[in-house]
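Results of the structural survey
Listed below, chain by chain, are the residues.
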Amino acid sequence: MNMHAARAASGLDTLRTILGIPVLAIRWDDAIALLNRLIAERRFTKVSFLNAHNANLAYTDPVFAEALDDFLILPDGIGVDLAAKLLYGAPFPDNLNGTDFVPAFLQASTKPLTVGLLGATRLNAEAASRKLAAIAVQHNFVVIHDGYFSAAEEAGIVDRIEELRPDVLLVAMGVPRQELWIARHIDARHCTLPIAVGALLDFLSGAVPRAPLWMRRLRLEWLFRLAVEPGRLWRRYMVGNPLFLWRVARQKFSRAPAGDAE
């Protein structure tokens, strides 16, 4: 199921296009209900999240942008909220960042599910699996493989996923590798909901610290991450965030309507 089919299944028609990427404007509880409905009906749907960093990558990488066109995209972070406010006059109804939303979705899903974990280091994936099993005891969590596999190992990993056929497959390989990997290797034979989750397994394992709750509530988690990993993230935030907003402003003031890709 692509983004447009998932939107129709949700009974909602609220898409906001941010730099050519259609993002679903949906409340937190409605998004959980939608994903549960897709699982119950076994509607294969690829899921990802759009933030300023992903949007910048897709803006300059047509292969990544094309892959995202077949995903159900949820809004993540203050950057896309500012973009929605500038382009559409209102922010997204809720911030559905994957680090908080995915565990909450699994906790709220009462029907027992099989959840596969693919990505991060083996140590972090195992620790994340234990954390998820503790907060969502109704589900079966299976670590399939770490994210550091060779091309020769790939076929075996895909076969293992098909054999397990989890309801949910959490793919944590970083952007854009995780979305491209899902697009190239995963279909309805393998699972129902493959979700690209970025650093979720590293956060759940405790290997990468989360910002204090007060910073998250003020939408400043990006600033905390920058302080923790300045060498890796300074370009993403200090260069990427202003660049993203400049591109959004160009979309706003170009002759094309806000809903059109540039």
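Each remark here, short or long, concerns the structure printed above.
These remarks concern the structure in this document. (Residues numbered from 1 in each chain as written. Predicted model: local features only at pLDDT ≥ 70, side-chain atom pairs only at ≥ 80, totals over all residues. Heavy atoms only, no water.)

Overview of the pattern of salt bridges
Using the criterion set out here, one finds 10 salt bridges in the structure. The salt bridge involving Arg-122 is made with Glu-126; its shortest N-O contact spans 3.1 Å. In this pair, Arg-122 and Glu-126 are both assigned in helix α7 (residues 122-135), 4 residues apart and thus about one turn of the helix distant. On the accessibility criterion, Arg-122 (38% relative accessible area) is partly exposed. (Salt bridge = Lys/Arg side-chain N within 4 Å of Asp/Glu carboxyl O. Helix = DSSP H or I, 4+ residues; strand = E, 2+ residues; numbered from the N terminus. Buried < 20%, exposed > 50% of the residue type's maximum accessible area, 1.4 Å probe, protein only.)

Concerning the packing of aromatic side chains
Considering all chains together, one arrives at 4 aromatic pairs under this definition. Ring geometry for Phe-101 versus Phe-105: centroids 6.5 Å apart, planes at 10°, classification stacked. Remark: Phe-105 and Phe-101 occur in helix α6 (residues 98-108); sequence separation between them is 4 residues, near one turn of the helix. In this pair, the class of Phe-101 matches that of Phe-105, namely buried. Centre to centre, the rings of Trp-222 and Tyr-237 are 5.8 Å apart; their planes meet at 50°, and the pair counts as tilted. In this pair, Trp-222 sits in helix α12 (residues 221-228) while Tyr-237 sits in helix α13 (residues 230-253), placing the two residues 15 residues apart along the sequence. Members of the aromatic cluster, each reached through a chain of ring pairs, are Trp-28, Phe-101 and Phe-105. (Phe/Tyr/Trp six-rings, centres within 6.5 Å; stacked < 30°, edge-to-face > 60°.)

Some thoughts on a nonpolar patch on the surface
On the surface, a nonpolar cluster with roughly 230 Å² of combined accessible area is contributed by Ile-78, Leu-82 and Leu-245. Of note, Leu-82 is situated in helix α5 (residues 78-88). Looking at Leu-82, the relative accessible area reads 43%, which means it is partly exposed. (Patch = residues over 30% accessible without salt bridge, like charges linked within 9 Å, V, L, I, M, F, W, Y side chains within 5 Å. Areas by Shrake-Rupley, 256 points an atom, 1.4 Å probe, with all protein chains shown as cover.)

Looking at the pairing of strand β8 (residues 193-196)
A regular strand carries its side chains on alternate faces of the sheet. Residue alternation in β8 divides its side chains into two sets, Leu-193 and Ile-195 and Pro-194 and Ala-196, and both sets are buried. Two strands pair when backbone bridges link them, and strand β7 (residues 168-172) and β8 are joined in this way by 4 bridges, in the parallel orientation. If you follow Leu-169 over to β8, its bridge partner there is Pro-194. In this fold, the crossover linking β7 to β8 by way of helix α9 (residues 177-185) has right-handed handedness. (Pairing = 2+ DSSP bridges. Right-handed = clockwise from strand over helix to strand, strands pointing away.)

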